[in-house]
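# Remarks on the overall topology
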Amino acid sequence: NIAEYAPQPQVNFRFAGFNTCILTPLNANSPLFKSGNTSNVGSSGVRFEGGFTVLAHPSGSTGPAIDLSYTQNWNIEHISYQDSLYGAAGTPGMYKQLIGLGAYCFGNRITNPIAGSGQRLGAAVIGSLNGTNATVGGIPPCTANANVIENPNFSGVIAPYVLDLSGTVGTVVDKGII
């Protein structure tokens, strides 16, 4: 079937800029953006431009704000992160990761991501969703390949890892402050 091999349309999301356009989920444990959830369904050619800020739900999340499982050629530009208390003292709601690199995630580009001083995350700013070689909850081992992270600024972020690239192959981190 020729339709299986036809390129998917390019989708552009244009935002007003980080700290100007602030996105927060309506419910706890909900990603803001997620592609398909099986090996046969996914998305490619999605671009986030102009920049936006992810603000964690006050009750937090056990997953990522942006789940890149089953994605190809996504381009995320100028994304920043704030926990629910904006880094103030107390127990904030926070995401496990700002961006999760999951199964069948390849050829994605993340440009100018920011997680500022005092911002808290449960695992990492950008991290593998399943860095082991075992299937966890029906999710196959992380097969995130050939992704690029350009000019990250993660100075002073509070997380077990700033970048957790376990189980990924060929991830490039270019320039930035980590």
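First things first, this report covers the structure right here in the doc. By convention here, each chain's residues receive numbers from 1 onward along its written sequence. Only residues with pLDDT of at least 70 are given local features in this predicted model, and only at 80 or more are side-chain atom pairs given and counted; all residues enter the totals for whole chains, interfaces and linings. Side-chain measures were taken over the full set of non-hydrogen atoms in the model, leaving aside hydrogen atoms and water.

Think of a salt bridge as a Lys or Arg side-chain nitrogen and an Asp or Glu carboxyl oxygen that are within 4 Å of each other. The full count for this structure, using the stated rule, is 6 salt bridges. One salt bridge in this structure joins R47 and E49, with 3.7 Å as the shortest N-O distance. Only protein chains enter the accessibility calculation, which uses a 1.4 Å probe. A residue is then buried if its area is under 20% of the maximum for its type, exposed if over 50%, and partly exposed in between. Accessibility expressed as a relative area gives 29% for R47, which makes it partly exposed. Using a relative accessible area of 13% as the deciding quantity, one classes E49 as buried. A salt bridge links R47 to E77; the shortest N-O distance between them is 2.8 Å. Of this pair, R47 sits in strand β5 (residues 46–49) while E77 sits in strand β9 (residues 75–77); the two residues are 30 residues apart in sequence, bridging distant segments of the chain. Residues participating in the shared-partner salt-bridge network are R14, R47, E49 and E77. Helix numbers and strand numbers start at the N terminus; a helix is a DSSP run of H or I with at least 4 residues, a strand a run of E with at least 2.

Attention shifts here to the pairing of strand β6 (residues 52–55). Here β6 shows no split at all, with F52 and V54 on one side and T53 and L55 on the other all buried. Pairing between strand β2 (residues 22–23) and β6: 2 bridges, direction parallel. Each residue of the ladder has a partner; that of I22, found in β6, is T53. Two strands make a pair as long as DSSP finds a minimum of two bridges between them. With 4 bridges joining them, β6 and strand β10 (residues 79–82) adopt parallel strand pairing. Among the inter-strand pairings, V54 is bridged to a residue of β10, identified as Y81.

If you trace the 6 strands from one edge of the open sheet to the other, you get β1-β5-β9-β12-β15-β17, paired in parallel fashion. In the strand order of this sheet, the two ends are held by β1 (11–14) and β17 (172–174), each with one partner. Across this sheet, the average inter-strand angle for adjacent strands is 10 degrees, counted without regard to direction. Two elements, β5 and β9, share 2 bridges in a ladder whose sense is parallel. For R47, the partnering residue across the bridge sits in β9 and is N75. Helix axes are fitted only over the stretch in contact, all axes being lines through C-alpha atoms; the angle between N-to-C directions runs from 0 to 180 degrees.

This next bit is on the nonpolar core. The criterion is simple. A nonpolar core is a set of buried Ala, Val, Leu, Ile, Met, Phe, Trp, Tyr and Cys residues joined through side-chain atoms within 4.5 Å. Residues F52, I66, L68, L98 and I99 are the most contacted members of the largest nonpolar core, which totals 29 residues. For this core, the element with the most residues is strand β11 (residues 97–101), which contributes 3 residues. Note on contacts: a residue pair qualifies if any of its non-hydrogen atoms lie within 4.5 Å across the two residues. Contact partners of L68, with chain neighbours within four places excluded, come to W74, I76, I99, G100, L101, G102, C105, N108 and I110.

With parallel pairing, the 4 strands of this open sheet are ordered in space as β2-β6-β10-β13. Only two strands of the sheet have a single partner each, and these edge strands are β2 and β13 (114–115).

Attention now moves to the environment of V157. Examined against the element boundaries, V157 turns out to sit in the loop between β15 (148–150) and β16 (163–164). Judged by its relative accessible area of 14%, V157 is buried. Linking V157 and L121, residues 36 residues apart in sequence, is a C-alpha distance of 8.0 Å. Discounting chain neighbours no more than four positions away, the residues touching V157 are A115, G116, S117, Q119, L121, V125 and V162.

Mapped onto the fold, D83 is located in the loop between β10 and β11. The exposure class assigned to D83 is buried, which follows from its relative accessible area of 0%. Counted as a polar contact is a pair of N or O atoms within 3.5 Å, where, for protein atoms, one must be capable of donating a hydrogen and the other of accepting one, and residues adjacent in sequence contribute only when both atoms are in side chains. Polar contacts involving the side chain of D83 include one to the side chain of R120, which spans 3.0 Å. Setting aside anything within four residues of it in sequence, one finds D83 in contact with L55, A56, P92, G93, M94, G118, Q119 and R120.

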